[in-house]
Amino acid sequence: MATSVVKLLGAQSSPYVNRVQIALNLKSIDYEFINENLAAKSDLLLKSNPIYKKVPVLIHADKPICESLFIVEYIDEVWTNSPSILPSDPYDRATARFWAAYIDIKWFPLFGELRQVKGEEAKAAVVEKIVEGLVLLEEAFVKCSKGEVYFGGESIGYVDIILGSYLGWVKAGEIMASVKLLDETKTPGLVGWAERVLLNDAAKDVVPEPQVLIEVLNKFMMASAKASSN
Amino acid sequence: MEEVKLHGFWASPFSHRVIWSLKLKGVNYDYIEEDLSNKSQALLQYNPVHKKIPVLVHGGKPIAESSVILEYIEEVWPENPLLPKDAYERAMARFWIKFVEEKGLTFYGFYKSTPGEEQEKATKEIMEILKVVEEKALGDKKFFGGDKLGLVDISFGWLAHWFQFTQKLVGIQVIEPTTLPKLHAWINNFKQIPLIKENLPDGEKLLVHLKNLREWLIAEKNLKS
């Protein structure tokens, strides 16, 4: 089963796609990356993810798996070679899933707000919320890492992948809004973690540089503006 | 066996997901009813990030977020499995659980809607969502989990009981044998399972609670407009 063909439908600028790439790399899985033009989605994508029509989609033995968090869990369950992505202890697994949900549902959407907010006061309010979230994640890092260098301990794990995949966009957000979000005085653990997580073999060259992402965003905004003015 | 406690709220469908899972697995637990207008110190300590119920406390260690709790219960008490063994099927189950949670806002919009364009739009959206659920998630199976209940059924449980009252309050019946026959049949099958039937909030009490909450939400909406 684990030897069947693996394909990943994705776009390099998507942090959700990046997480799957990191997971596949971590498990040394050979796969075909099918680049999707998100402005002109392929038939394969529309057929594989008819409900959301989004990337990433993992196709394994011709079966499509959607939703990045579940793709990562699927990879961990099917490829049981080391390293494990989720911890082995059920309570640690629950903790990892809790933080993944918090990061995806409560924390990262603040970046969308940051981009759209108007006025200095409103912007400062969103920045404060983002930093408050990072302080919570700092505490989580200290607890989960148990003295080691990653949320997953000695090697990168689930939360490292989930949060790490956003780092390109976090840095892009800092540049675009001219703010510092990861601050050594408030979140020293996370600052150190952020520097080392993307240097890990599995994550190297996966998450694009912030300037690349800013360009992607600008292109998207221009295309949207053009579309809505036509 | 380490002590199991559940902090919940009698009217919450999220609370009931955890109750159903624990009971289906025969796990003994202490239930602590929380007053959401006056949350206990324990709850605030156990779930400082969200300050919400349900929170499961096992051997003194708290787990928050109902979907996280359900996966934890499944792993710690593997008897009477509620998730499929096959990795692909598990990924599909998790997909549907997330799908219905994401659509929660749309259902919430329907719940507090008043007659007019907004309500028509919400009703149409709900119908589309439920058609997808019926065709793609349920299909011809008796339960979402197959022949037996699973976590998807448990996560959709609010459709079987709470949504019935929502439709009554809004005055629009969306799930009917003519419009959504398979889903309608599932509701009956689900509610007939003894452990589910015996663990549902009292209908009359729930209707009053949902009616009051709805009136408050509508009043609040009118104040803002």
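Placed above this text is the structure.
Residues numbered from 1 in each chain as written. Chains lettered and ligands numbered in written order. Predicted model: local features only at pLDDT ≥ 70, side-chain atom pairs only at ≥ 80, totals over all residues. Heavy atoms only, no water.

**Section: the overall build of chain B**
Move 1: Secondary structure summary: chain B contains twelve helices and four strands in total.
Move 2: Relative to the globule expectation of 17 Å for 225 residues, the C-alpha radius of gyration of chain B, 18 Å, shows essentially globular dimensions.
Move 3: A principal-axis box enclosing the C-alpha atoms of chain B has dimensions of 55 × 45 × 30 Å.
Move 4: Split into buried and exposed, the 225 residues of chain B put 49% on the buried side.
Move 5: A fraction of 70% describes how many contacts in chain B between residues 6 or more apart in sequence connect residues 24 or more apart.
Move 6: Carbon and sulfur atoms provide 53% of the accessible area of chain B, an area that totals close to 11,100 Å².
Move 7: Taken together, the 30 basic and 31 acidic charged side chains of chain B have centroids lying 1 Å from each other. (Helix = DSSP H or I, 4+ residues; strand = E, 2+ residues; numbered from the N terminus. Rg over C-alpha atoms; globule rule 2.2 N^0.38 Å. Buried < 20%, exposed > 50% of the residue type's maximum accessible area, 1.4 Å probe, protein only. Contact = heavy atoms within 4.5 Å. Areas by Shrake-Rupley, 256 points an atom, 1.4 Å probe, with all protein chains shown as cover. Lys, Arg positive; Asp, Glu negative; His and termini not counted. Charge placed at Lys NZ, Arg CZ, Asp CG, Glu CD.)

**Let's talk about empty space enclosed by the protein**
Residues and elements named next belong to chain A.
Move 1: All chains considered together, the criterion is met by two cavities of 30 Å³ or more.
Move 2: There is about 60 Å³ of room inside the largest cavity.
Move 3: Residue lining of the largest cavity: Trp 107, Leu 134, Leu 163, Tyr 166, Leu 167, Val 170, Leu 182, Leu 190 and Trp 193, and that is the complete set.
Move 4: Only helix 8 (167-177) and helix 9 (188-197) provide two or more residues apiece to the lining of the largest cavity.
Move 5: Every residue lining the second largest cavity is listed: Ile 22, Ile 156, Asp 160, Ile 161, Gly 164, Ser 165, Val 197, Leu 198 and Ala 203.
Move 6: Element by element, the count of residues in the lining of the second largest cavity is highest for helix 7 (residues 158-164), at three residues.
Move 7: The residue inventory of the lining of the second largest cavity, partitioned by class, reads six nonpolar, two polar and one charged. (1 Å grid on protein atoms, 1.4 Å probe; cavity = no way out; pocket = protein on both sides within 12 Å on 5 of 7 lines; lining within 4 Å. Points joined across faces, edges and corners; volume = space filled by probe spheres on them. Nonpolar A, V, L, I, M, F, W, Y, C, P; charged D, E, K, R; others polar.)

**Notes on the interface of chain A and chain B**
Move 1: Tallying the contact residues gives 22 residues for chain A and 24 residues for chain B.
Move 2: Buried surface at the junction of chain A and chain B, summed over both partners, amounts to about 2,300 Å²; 69% is from carbon and sulfur atoms.
Move 3: Where chain A packs against chain B, one counts seven salt bridges.
Move 4: For the salt bridge of Glu 71 of chain B with Arg 97 of chain A, the shortest nitrogen-to-oxygen distance reads 3.7 Å.
Move 5: The interface formed by chain A and chain B contains nine residue pairs in polar contact (both at pLDDT 80 or more).
Move 6: Put simply, the parts of the chain that give the side of chain A that touches chain B at least two residues each are strand 4 (63-66), helix 3 (68-78) and helix 4 (90-107) of chain A.
Move 7: Within the side of chain A that touches chain B, the residues separate by chemical class into 15 nonpolar, no polar and seven charged. (Buried area = accessible area lost by both parts, 1.4 Å probe. Salt bridge = Lys/Arg side-chain N within 4 Å of Asp/Glu carboxyl O. Polar contact = N/O pair within 3.5 Å; in protein donor to acceptor, adjacent residues only side chain to side chain.)

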